[in-house]
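Examining the three-dimensional arrangement
Residues per chain, in single letters:
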There are 2 protein chains.
Amino acid sequence: MNKQQLLENIKRKQSFLCVGLDTDIKKIPDFLLDGHEPIFAFNKAIIDATADLCVAYKPNLAFYECLGLKGWKALEKTVMYIREKYPDQFIIADAKRGDIGNTSAMYARAFFEDMDIDAVTVAPYMGEDSVMPFLTYQDKWVILLALTSNKGSHDFQMTMDVDGERLFEKVLRKSQEWAGDDRMMYVVGATQGQAFEDIRKLVPNHFLLVPGVGAQGGSLEEVCKYGMTKECGLIVNSSRGIIYAGHDQNFAQAARRAAQEAQQQMAAQLKAFGI
Amino acid sequence: MNKQQLLENIKRKQSFLCVGLDTDIKKIPDFLLDGHEPIFAFNKAIIDATADLCVAYKPNLAFYECLGLKGWKALEKTVMYIREKYPDQFIIADAKRGDIGNTSAMYARAFFEDMDIDAVTVAPYMGEDSVMPFLTYQDKWVILLALTSNKGSHDFQMTMDVDGERLFEKVLRKSQEWAGDDRMMYVVGATQGQAFEDIRKLVPNHFLLVPGVGAQGGSLEEVCKYGMTKECGLIVNSSRGIIYAGHDQNFAQAARRAAQEAQQQMAAQLKAFGI
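As a further point, take the overall build of chain A. Each helix and strand counted, chain A has twelve helices and eight strands in total. For 275 residues, the compact-globule estimate of 2.2 N^0.38 gives 19 Å, and the C-alpha radius of gyration of chain A, at 18 Å, lies within 12% of that figure. Considered along the principal axes of its C-alpha atoms, chain A spans approximately 60 × 45 × 35 Å. In chain A, which comprises 275 residues, the proportion classed as buried is 56%. Partitioning the contacts of chain A with sequence separation of at least 6, the portion at a separation of at least 24 is 71%.

Encoded structure:
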């Protein structure tokens, strides 16, 4: 999916919501466990209940890998289901990969060729040649970790160099030499508050993928106040707050209500920005 | 496996060789492709031909993930095969993972519980809470990326802060607050030459996992000169140089010869250090 298509979807749906499919076998409703493919059944129900309210889905690969073969099968089926039934959805593999060039190329092949995913989250620690192999695909995206939502983001990402530049700022600056805002986005945690202002100075037009609203304590209002651009520029993710909104037979309706609430808040923000 | 056992294996085998199982379906001998499980068949032959010459195996997960379900099955079978037939081998999942706490915990479960792997490579960018979940398992290890072997290692890892500390040095220093040398190792590329001296000042007793000898241009002599400790402290990986030493029916014997050559060089180094 290219940037224009993504922007149109956001405008049409009045939503920049990404639903995080962090599907944990220990947290899905018990009755699904009797079925043949509980993870896929759960995802399918969540997707059908939320697809008109969001513009993206983001399976976090850890939740599938920890189930081994069954998990990979569930992931592949989920991606294929979204791709076929809801082709306007932007699919993000939250994988946080990054390795030497020939190895990153293998990951890129796995996500972009074999699974037809739109974007992959990538860790910047290993530098340019670990990221470039992901950037060679038309209309596919790298979402580079910049300033994450967790406490540990302060350990290294905030490190200031001799020129007064913090590591996450260096990542933002340097990585723009590798690709433009038509192929690169950045992960910035909702918990980072006013750091969005500094980030927008460096990447005024890039999409930011924002986790950390909800369970992790970030505020949508604050993210929009400091991070929104005139064409939106935000994809805000919610995982647990939506997919585990309910725990019984009606879990999908509960997820829909939670997604609806998020979408309405987002519509209000978009309206305020004239989008 | 604990540190003492690993040290004993190194001494007994006079080797600190790790064979990297970066098994690429496009590079294995053609005749294997006719069989039922070509990746596993290749790995099994390589393992049987090298197990007495090395102390560790390191499958890089990208090479398995890019094959989807078949790849995961091959990985699981490979790990199980090593575990059962060669229980003295240290198995490293070269995964370069790292995510927020609850997600890292899922990865840890996948590698340490479901697959009984000994160690996982982890990227430090997200800081303490992304690493800690991997450190809660008895006799399991985190191998943290410090200074990698690729060109891009210069992009961020060398960034110097206001106190004159480079990012990889900060990673080495800070991460010692999380675990000691009985549970943490570091990735340092063989191409980094004299940086090993600086690294040994910070981590005099930790094991270093060293990729980049061979195909990437690093030298074993230099690595040993600057990186070896009185109890060895090195695991040197070779992937392509060993597993693709031959391309025909005799590929396993060719791999054995390449591993033998590496082992003999290592034995000479160990002898020189009185180990």
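More follows now that the structure is in view.
Quick look at unusual backbone geometry now. One can expect most non-glycine residues to show negative phi and most peptide bonds to be in trans. Despite not being glycine, Asp139 of chain A shows a phi value in the positive range, around 60°. Relative to the helices and strands, Asp139 of chain A is located in the loop between α6 (128–131) and β5 (141–147).

What follows concerns the relation of the copies chain A and chain B. Mapping one chain copy onto the other needs a rotation about an axis and a shift along that axis. With an RMSD of 0.0 Å, the operation that places chain A on chain B is a rotation of 180° combined with a shift of 0.0 Å along the axis. The symmetry that links the two subunits is that of a two-fold axis. It is Asp161 of chain A whose C-alpha, among those of chain A, lies nearest the rotation axis, at 1.9 Å. When the interface residues of chain A are mapped onto chain B, 100% of them again lie at the interface, so the same face is used by both copies.

Interface size, as often reported, equals the accessible area lost upon joining of the parts. Contacts between chain A and chain B engage 49 residues on the former and 49 residues on the latter. Breaking the side of chain A that touches chain B down by element, the ones donating at least two residues are α3 (62–65), α4 (69–85), β3 (90–97), α5 (101–114), α6, α7 (153–156) and α8 (167–175) of chain A. It is α5 of chain A that contributes the most residues to the side of chain A that touches chain B, seven residues altogether. Here the side of chain A that touches chain B is composed, by residue class, of 19 nonpolar, 15 polar and 15 charged.

Take α5 of chain A next. The terminal C-alpha atoms of α5 of chain A lie 19 Å apart, and with 14 residues this matches the ideal 20 Å at 1.5 Å per residue to within 8%. At Ala108 of chain A, α5 of chain A shows its largest kink, close to 25°. Considered for burial, the residues of α5 of chain A that qualify are Thr103, Ser104, Met106, Tyr107, Ala108, Ala110, Phe111 and Phe112 of chain A. Elements that come into contact with the buried residues of α5 of chain A comprise β3, β4 (119–122) and α6 of chain A together with α3 (62–65) of chain B. Count one or two residues on from α5 of chain A and you reach Asp116 of chain A, which has phi positive near 55°.

What counts, and at which threshold
- Along each chain, numbering runs from 1 in the same order as the chain's sequence is written.
- Just so you know, chain letters begin at A and ligand numbers begin at 1, following the order they were written in.
- Restriction of local features to residues with pLDDT of at least 70 applies here, the model being predicted, together with a cutoff of 80 or more for giving and counting side-chain atom pairs; totals for whole chains, interfaces and linings are based on all residues.
- Numbering of helices and strands runs from the N terminus; a helix is a DSSP stretch of H or I covering at least four residues, while a strand is a stretch of E covering at least two.
- Both definitions apply: the radius of gyration is a C-alpha atom measure, and the globule rule equals 2.2 Å times residues to the power 0.38.
- Any residue whose C-beta has 12 or fewer other C-beta atoms within 10 Å is treated as exposed, any with 20 or more as buried, and any in between as partly exposed, C-beta atoms being built from the backbone.
- Throughout, a residue-residue contact means that the two C-beta atoms, derived from backbone geometry, are no farther apart than 7 Å.
- Least squares is the method used to superpose the copies, on C-alpha atoms of residues holding a pLDDT of at least 70 in both.
- Basically, the charged four are Asp, Glu, Lys and Arg, the nonpolar ten are Ala, Val, Leu, Ile, Met, Phe, Trp, Tyr, Cys and Pro, and anything else, Gly included, counts as polar.
- Here, expected helix span is obtained from the residue count minus one, scaled by 1.5 Å.
- Consider a residue and the seven residues that end there alongside the seven that start there; fitting an axis to each set, the bend is the angle between those axes.

Purely geometric stuff here, so don't read any function into it on its own.
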